[in-house]
Amino acid sequence: MSEHEVKNLEEIFDARIARDEKIEPKDWMPEKYRQTHIRQISQHAHSEIVGMLPEGNWITRAPSLKRKVALLAKIQDEAGHGLYLYSACETLGISREELYDQLHSGKAKYSSIFNYPTLTWADMGAIGWLVDGAAIINQVPLTTTSFGPYARAMVRVCKEESFHQRQGFQIMMTLAEGTPEQKEMAQDALNRWWFPSLMMLGPTDAASVHTEQSMKWKLKRKTNDELRQQFVDQTVPQAHMIGLTIPDPTLKFNEETKHYEFGELDWDEFWQVVKGHGPCNKERISARVNAWNNGKWVRDAAMAYAEKQANKEVKQAI
Amino acid sequence: MKNWPLWEVFIRSKNGLEHRHCGSLHASDATMALENARDVYTRRMEGVSIWVVPSAQITASNPEDSAELFDPAKDKAYRHPTFYELPDELKHM
């Protein structure tokens, strides 16, 4: 295809998106659109899958059967979300094996928040309330993104995500109403997860390289800073409601703008964690790689069985 | 060893409605594809029946052929009831 023809197709493509038309897998799309979507959707899928690990740490130590079934259901949802997203990503012409390989080799990223450890039961509350809360804010606008399979996967994810946040908040609420030790445990979890949750919404608009193009493709409908402000405005009153303190002495409500103003975030720490130097990066990836490698004989056995059955059917037919 | 093939999943949400495509998954055979579809796509009573079809078995039309396939229907307004102008007295037809 000549350069001129490609340019022409790109104009038609941009116009379709501007008219809010959806792009489906077999439609022509600019190579950059395809690559950007593979990167973002797979990063999102990897985050769901790695996101199971910090919570898996507490399944056997959940304080009651009720908490345990809820936590199990939430983690199972995350596996499901990862699978919806991987299958959406595969429609762009990349195989599941390549996607796993990118995660295992460290080529693909996942949300930096999952590289923090889960030290106490209260962390299950903080993750549901804050991490899933931030994820919902990030994900709701994606239900109307331009790439059809991604938008459809996000509709399903968002429907399921609200239970995650509610179960997390309820854990925090229960601890905050408990003994002084329990309340302290809830406060400690909030102290550790607050800033990572704010940074999870991505670098500041000034430092974000992909924002402009992503807004045009409706892959992003609000900037990182807008999403962060929305998260703070929504979460601070919830903390007050259960008597916990946001660990930011500079936090204050601006009566004029009706928004909370908050302190500087430690972006050096954020980039350190993104680059692989967070507290649990190595542990998370090695858990994934081990699960994949140790499961190989099971995958092979299932395939061998399927092939044997298929051969039997062929023989019977003859 | 070969990788598990891809399957397309269709769910009937309740009797009386058609099966609807909801996504895909990997499985070694049809039985496993059904079991995985149940776990991945019906955790909250989303369905009463599941179809799984090997993705490789689906033949899809090409978007490049959309004009010749679908445009001819555009100028056949006479296939729609509104094409026929009838007197107002005729209230319900």
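Residues numbered from 1 in each chain as written. Chains lettered and ligands numbered in written order. Predicted model: local features only at pLDDT ≥ 70, side-chain atom pairs only at ≥ 80, totals over all residues. Heavy atoms only, no water.

*Asks:* Got a minute to help me understand the packing of aromatic side chains in this structure?
*Replies:* Each aromatic ring pair is characterised by the separation of its centres together with the angle its planes make. Residues and elements named next belong to chain A. Summed over all chains, the structure comprises 17 aromatic pairs over all chains. An angle of 85° between the planes, with centres 6.2 Å apart, marks the rings of Phe13 and Trp28 as edge-to-face. Of this pair, Phe13 sits in helix H1 (residues 3-18) while Trp28 sits in the loop between H1 and helix H2 (31-50); the two residues are 15 residues apart in sequence, bridging distant segments of the chain. A network of ring pairs unites the aromatic residues Phe13, Trp28, Tyr33, Phe147 and Trp217 as a single cluster. Over the ring of Trp292 we find Arg299; its NZ or CZ atom is 3.4 Å from the centre of that ring. (Phe/Tyr/Trp six-rings, centres within 6.5 Å; stacked < 30°, edge-to-face > 60°. Helix = DSSP H or I, 4+ residues; strand = E, 2+ residues; numbered from the N terminus. Lys NZ or Arg CZ within 6 Å of the ring centre and 35° of its normal.)

*Asks:* Can you walk me through the pattern of salt bridges in this structure?
*Replies:* Opposite charge on two side chains permits pairing when their charged atoms draw close. For the structure on display, the rule yields 27 salt bridges over all chains. Arg96 of chain A serves as the salt-bridge partner of Glu90 of chain A, at 2.9 Å between the closest nitrogen and oxygen. Among the residues examined, Arg96 of chain A registers a relative accessible area of 5% and is labelled buried. A salt bridge links Asp39 of chain B to Arg38 of chain B; its shortest N-O distance comes to 2.5 Å. Each of the salt bridges in this network shares a partner with another, and the network as a whole consists of Arg16, Arg19, Glu21 and Asp27 of chain A. (Salt bridge = Lys/Arg side-chain N within 4 Å of Asp/Glu carboxyl O. Buried < 20%, exposed > 50% of the residue type's maximum accessible area, 1.4 Å probe, protein only.)

*Asks:* Is there a simple way to explain the domain arrangement of chain A in this structure?
*Replies:* Where interface size is quoted, it is often the accessible area lost as the parts come together. All names here are of chain A. Assigned domains of chain A: these are domain 1 (3-278) and domain 2 (279-317). Computed over C-alpha atoms, the centres of domain 1 and domain 2 are 29 Å apart. In this complex, domain 1 contributes 16 residues to the contact, which on the side of domain 2 involves nine residues. With both chains or domains summed, domain 1 and domain 2 bury close to 1300 Å², and 66% of this area falls on carbon and sulfur atoms. Inspection of the region where domain 1 meets domain 2 yields six residue pairs in polar contact (both at pLDDT 80 or more). Counting only elements with at least two residues in the side of domain 1 that touches domain 2, the list comes to H2, helix H3 (52-56), helix H5 (96-105) and helix H11 (267-277). Here the side of domain 1 that touches domain 2 is composed, by residue class, of eleven nonpolar, five polar and no charged. (Domains from an automatic or database assignment. Contact = heavy atoms within 4.5 Å. Buried area = accessible area lost by both parts, 1.4 Å probe. Polar contact = N/O pair within 3.5 Å; in protein donor to acceptor, adjacent residues only side chain to side chain. Nonpolar A, V, L, I, M, F, W, Y, C, P; charged D, E, K, R; others polar.)

*Asks:* When you look at the packing of helix H7 (residues 148-176) of chain A against helix H8 (residues 180-199) of chain A in this model, what are you seeing that I'm missing?
*Replies:* Two quantities define a packed helix pair, namely the angle between the axes and the distance from one axis to the other. All names here are of chain A. At a minimum axis distance of 7 Å, the contact between H7 and H8 shows a crossing angle of 135°. Classed by the angle they form, the pair H7 and H8 counts as oblique. Here Met172, Leu175 and Ala176 of H7 come into contact with H8, specifically with Gln182, Lys183, Ala186, Ala189 and Leu190. Residue composition of the contact of H7 with H8, by class: six nonpolar, one polar and one charged. (Axes fitted to C-alpha atoms, helices over the stretch in contact; angles between N-to-C directions. Parallel < 35°, antiparallel > 145°, perpendicular 65-115°, else oblique.)

*Asks:* Would you take a moment to explain the nonpolar core for this structure?
*Replies:* Buried together is how nonpolar side chains tend to be arranged in soluble globular proteins. Residues and elements named next belong to chain A. Counting 91 residues, the largest nonpolar core has Met172, Trp193 and Trp194 as the members making the most contacts within it. With ten residues, helix H6 (residues 122-139) is the largest single contributor of residues to this core. Trp193 has contacts with Ile113, Tyr116, Pro117, Thr118, Asp123, Ala126, Ile127, Leu130 and Val131, leaving out every residue within four places of it along the chain. (Core = buried A, V, L, I, M, F, W, Y, C linked by side-chain atoms within 4.5 Å.)

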